[in-house]
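Secondary and tertiary structure notes
Listed here are the chains, written in short residue letters.
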Amino acid sequence: MPDHSSNLTDVTNIKIIQKRYFPVVNDVEVEICEDNGGYLFVRHNVYWWLAHRNKNPDPVHNCVLDNLSLMTNNRLDTIRWSGYSFKYQTIFLAENGGEISTVLLPLEMFEDFIRWSPKNYGGHPPPDYLDVKLGKWLENNSLKDLVKVSNEALKEKEPNYSNQNCSFFQSLIKLFDLARK
């Protein structure tokens, strides 16, 4: 088995998460992360919890990287994600200074995974699992829209929200950006 922990100490592998959103759809809470470039991600633990009802999969025992690759290359309807490279990386949560080792799924990929769930029951009525509930909602909706509405509400509540970054975090981001070059 490959050792995925070796790349966790690489400074160039750290992603700064500026904001997290926790929309609730059909009684299903989803954590969405936004990095300093505005890209939206979902941690693989969220997908794993919804699809497998296991909150913290073991990276080796549960073959997290292999299973995500299988899902991407064999079960999604399009070739949009073909060859996508999954990797463990460290994320730094700017809101509280926490560090987490995780695999990040682009929000659109996460939605594709979850949309596939209700179709996975061979014509039988799917059970009332969290991934199926969310998958049915995602057939005609997107979590990205909820993040957009959430951002607009924040701007109305605190117009200078985007300018209230702590200088410590700005310095840290610059340090990581320099280390990546």
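Note that the structure is a prediction, hence the values are computed from the model and not measured. (Residues numbered from 1 in each chain as written. Predicted model: local features only at pLDDT ≥ 70, side-chain atom pairs only at ≥ 80, totals over all residues. Heavy atoms only, no water.)

1. Points about the overall build of the chain
Looking only at helices and strands, one finds six helices and eight strands in the chain. Expressed as a percentage of the 181 residues in the chain, the buried residues total 40%. About 10,600 Å² of surface is accessible on the chain, with carbon and sulfur atoms providing 49% of the total. (Helix = DSSP H or I, 4+ residues; strand = E, 2+ residues; numbered from the N terminus. Buried < 20%, exposed > 50% of the residue type's maximum accessible area, 1.4 Å probe, protein only. Areas by Shrake-Rupley, 256 points an atom, 1.4 Å probe, with all protein chains shown as cover.)

2. So, the packing of aromatic side chains
How two aromatic rings sit relative to each other is given by the distance of their centres and the angle of their planes. According to the stated counting rule, one finds three aromatic pairs in the structure shown. Taking the centre distance of 6.1 Å and the plane angle of 85 degrees together, the rings of Trp81 and Tyr84 count as edge-to-face. You can call Trp81 buried: its relative accessible area is 12%. Between Tyr84 and Phe86, the aromatic rings sit 5.0 Å apart at their centres with planes inclined by 65 degrees, giving edge-to-face as the arrangement. Under the relative-accessibility criterion, Tyr84 is labelled partly exposed at 28%. Accessibility expressed as a relative area gives 9% for Phe86, which makes it buried. Cation over ring: Lys55 sits above Trp49, and NZ or CZ is 5.1 Å from the ring centre. (Phe/Tyr/Trp six-rings, centres within 6.5 Å; stacked < 30°, edge-to-face > 60°. Lys NZ or Arg CZ within 6 Å of the ring centre and 35° of its normal.)

3. Structural notes on unusual backbone geometry
At Asn26, a residue that is not glycine, the phi angle is positive and equals roughly 50 degrees. Note that Asn26 resides in the loop between strand 2 (24-25) and strand 3 (28-29).

4. Some remarks on the pattern of salt bridges
A complete count under the given rule lists eight salt bridges for this structure. With its nearest N and O atoms 3.0 Å apart, the salt bridge here joins Lys144 to Glu108. Separated by 36 residues along the polypeptide, Lys144 in helix 5 (residues 143-157) and Glu108 in helix 3 (residues 107-116) bring together distant segments of the chain. Residue classification places Glu108 among the partly exposed residues on the basis of a relative accessible area of 25%. (Salt bridge = Lys/Arg side-chain N within 4 Å of Asp/Glu carboxyl O.)

5. Some points on the layout of surface pockets
Think of a ball as big as a water molecule: rolled over the atoms, this probe shows where empty space is left. Looking at the second largest pocket, its volume works out to about 230 Å³. What lines the second largest pocket is a set of 13 residues, and nearest its centre among them are Glu29, Asn45, Val46, Trp49 and Lys55. The element that contributes the greatest number of residues to the lining of the second largest pocket is helix 1 (residues 44-52), accounting for four residues. In terms of residue class, the lining of the second largest pocket is made up of seven nonpolar, one polar and five charged. (1 Å grid on protein atoms, 1.4 Å probe; cavity = no way out; pocket = protein on both sides within 12 Å on 5 of 7 lines; lining within 4 Å. Points joined across faces, edges and corners; volume = space filled by probe spheres on them. Nonpolar A, V, L, I, M, F, W, Y, C, P; charged D, E, K, R; others polar.)

6. Regarding the environment of Arg80
Within the secondary structure layout, Arg80 lies in the loop between helix 2 (64-74) and strand 6 (89-93). In sequence terms Arg80 and Met109 are 29 residues apart; their C-alpha atoms lie 9.0 Å from each other. Once residues within four sequence positions are removed from consideration, Arg80 is found in contact with Glu108 and Asp112. (Contact = heavy atoms within 4.5 Å.)

7. What about the confidence of the model for the chain?
Mean pLDDT over the chain: 78, with 72% of residues reaching 70 or higher. The least confident element of the chain, judged by mean pLDDT, is helix 6 (residues 167-180) at 52; the most confident is strand 5 (residues 40-43) at 95. Considering only residues more than four positions removed or in separate chains, one finds that residues 1-11, a stretch of pLDDT under 50, has twelve contacts. Residue range residues 159-168 is modelled with pLDDT below 50. Its contacts to residues more than four positions away, or to other chains, number five contacts. (pLDDT = per-residue confidence, 0-100.)

8. Some points on helix 1
Burial analysis of helix 1 places seven of its nine residues in the buried class, which makes it a mostly covered element. Inspection of helix 1 places His44, Asn45, Val46, Tyr47, Trp48, Leu50 and Ala51 among the buried residues, and these make up the whole buried set. Immediately beyond the C-terminal end of helix 1, within one or two residues, lies Arg53, with a positive phi of roughly 55 degrees.

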